[in-house]
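Examination of the molecular architecture
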Amino acid sequence: MEKSESGGELALPASHPFLRALEDLATTIPSSTEPVSDHPGVRAREIVRVASFKAGALSATLAIPPGPVGMLTVIPDLLKVWQLQQQMVADVAACFGKTSQLNRQMMVYCLFRHGAAMLLRDVVARVGERIIVKQASLRVIQQTLRRIGIKVTQKAVGKTLSRWLPVVGPLLIGGYSLVDTRNVGKTAIDTFSRHIEIEPGADVIDVVATVVPPLPKPET
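Residues numbered from 1 in each chain as written. Predicted model: local features only at pLDDT ≥ 70, side-chain atom pairs only at ≥ 80, totals over all residues. Heavy atoms only, no water.

Regarding the overall build of the protein
Broken down by element type, the protein carries eight helices and five strands. Listed by position from the N terminus, the elements making up the protein come as β-β-α-α-α-α-α-β-β-α-α-β-α. By sequence separation, contacts in the protein at least 24 residues apart represent 82% of the contacts at least 6 residues apart. When the accessible surface of the protein is totalled, it reaches about 10700 Å², and 62% of it is carbon and sulfur. (Helix = DSSP H or I, 4+ residues; strand = E, 2+ residues; numbered from the N terminus. Contact = heavy atoms within 4.5 Å. Areas by Shrake-Rupley, 256 points an atom, 1.4 Å probe, with all protein chains shown as cover.)

In structure tokens, the structure reads:
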């Protein structure tokens, strides 16, 4: 780890695998098949509820193998939960009719605000009832993610230790992913239910050109 270029905070080195995974998440916006809802608040809460339980079940299942075997599932667990959360954010934005305003700044903000609000003050700001998306280059976002990466690493260590606890470990890990996903969802709902202003020059991603296929929706 090294000092960041702003404020002397610890940051992950640019070559760290977690950082590369974070950058992939931040610069890829999933498409969504979710239609604009007549009652977006109600629909968004349902999207978050389903995604939260799905994330919890996924993490708990991957944590079942104990000891060294379970260690191999730590990174796949993090990546799969991030992807699920990313899709959830895209679906929440869609049900509010704000897919066109979902750019990489907004994605990073929704995914990590609940655990690193101060680190995101140069990317997105909340001013009264408005959300201000600040102009930010990919370099600025990368620097922000390098600092967030420290918290991601701590999360991975916690999940690693829990894998040595039979029976209790999967419950703890599943519960953590459920709560974490719920917090991401709350941020997404709070964000897209407000008026969003994008500063001139802010790099809104062309969602048509950069989308990836949406995750299959769970059967109800």
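Examining the sheet that holds strand S3 (residues 124–127)
Each strand in a sheet pairs with its neighbour through backbone hydrogen bonds, running either in the same direction (parallel) or in the opposite one (antiparallel). With mixed pairing, three strands are arranged side by side in an open sheet as S3-S4-S5. Each having just a single partner strand, S3 and strand S5 (195–198) make up the two edges of the open sheet. In this sheet, neighbouring strand axes are inclined to one another by 25° on average, regardless of whether the strands run parallel or antiparallel. Bridge count between strand S4 (residues 130–133) and S5: four bridges; the pairing is parallel. (Pairing = 2+ DSSP bridges. Axes fitted to C-alpha atoms, helices over the stretch in contact; angles between N-to-C directions.)

Description of the pairing of S3
Summarising the sheet, S3 and S4 pair through four bridges and their orientation is antiparallel. Looking at S4, one finds that Val 124 is bridged to Val 133. Where S3 folds back onto S4 in an antiparallel hairpin, the turn is made up of two residues, including Gly 128, whose phi is positive at roughly 60°.

Description of the environment of Tyr 109
Position of Tyr 109 relative to the elements: it lies in helix H5 (residues 104–116). Note on Tyr 109: relative accessible area 5%, which makes it buried. Considering only alpha carbons, one finds Tyr 109 and Val 123, 14 residues apart in sequence, at a separation of 7.5 Å. (Buried < 20%, exposed > 50% of the residue type's maximum accessible area, 1.4 Å probe, protein only.)

Focus: the pattern of salt bridges
Under the counting rule described, the total for this entry stands at five salt bridges. Note that Glu 129 and Arg 194 form a salt bridge whose closest N and O atoms lie 2.7 Å from each other. Of this pair, Glu 129 sits in the loop between S3 and S4 while Arg 194 is found in the loop between helix H7 (168–192) and S5, placing the two residues 65 residues apart along the sequence. Arg 194 sits in the buried class, given a relative accessible area of 11%. A salt bridge links Arg 194 to Asp 190; the nearest nitrogen and oxygen atoms lie 2.9 Å apart. Looking at Asp 190, the relative accessible area reads 23%, which means it is partly exposed. By sharing partners, the salt bridges in this structure join Glu 129, Asp 190 and Arg 194 into a single network. (Salt bridge = Lys/Arg side-chain N within 4 Å of Asp/Glu carboxyl O.)

A few points about the environment of Pro 35
Along the chain, Pro 35 turns up in the loop between helix H1 (17–27) and helix H2 (40–62). When its relative accessible area of 53% is taken as the criterion, Pro 35 is described as exposed. Along the primary structure Pro 35 and Ala 94 are separated by 59 residues, whereas in three dimensions their C-alpha atoms are 6.4 Å apart. Each residue touching Pro 35, except ones within four places of it in the same chain, is listed here: Ala 94 and Cys 95.

A short note on the confidence of the model for the protein
With 60% of its residues at a pLDDT of 70 or more, the protein shows a mean pLDDT of 74. Predicted confidence for residues 1–8 stays below pLDDT 50, and this span has 18 contacts to residues more than four positions away or in other chains. (pLDDT = per-residue confidence, 0-100.)

Section: H2
For H2, with 23 residues, the first-to-last C-alpha span of 32 Å sits near the 33 Å given by 1.5 Å per residue. Taken as a whole, H2 has its buried residues at Gly 41, Ala 44, Ile 47, Val 48, Ala 51, Ser 52, Ala 55, Gly 56, Ser 59 and Leu 62. (Expected span 1.5 Å × (residues − 1).)

With respect to the nonpolar core
Counting 39 residues, the largest nonpolar core has Val 89, Val 92, Leu 102, Met 106, Phe 112 and Phe 192 as the members making the most contacts within it. Those elements that provide at least two residues to this core are H2, helix H4 (74–95), H5, S4, helix H6 (138–162) and H7. Among the elements that take part in this core, H4 stands out by supplying ten residues, more than any other. (Core = buried A, V, L, I, M, F, W, Y, C linked by side-chain atoms within 4.5 Å.)

Things to note about the side chain of Lys 98
Here Lys 98 shows up in the loop between H4 and H5. Among buried Asp, Glu, Lys and Arg side chains, Lys 98 stands out as unpaired, with Glu 129 the closest opposite charge at 10 Å. A distance of 2.8 Å separates a polar atom in the side chain of Lys 98 from the backbone oxygen of Phe 192. Only 2.4 Å separates the side chain of Lys 98 from the backbone oxygen of Arg 194, close enough to count as a polar contact. With residues near it in sequence (within four places) discarded, Lys 98 still touches Ala 93, Phe 192, Ser 193, Arg 194, His 195 and Ile 196. (Lys, Arg positive; Asp, Glu negative; His and termini not counted. Polar contact = N/O pair within 3.5 Å; in protein donor to acceptor, adjacent residues only side chain to side chain.)

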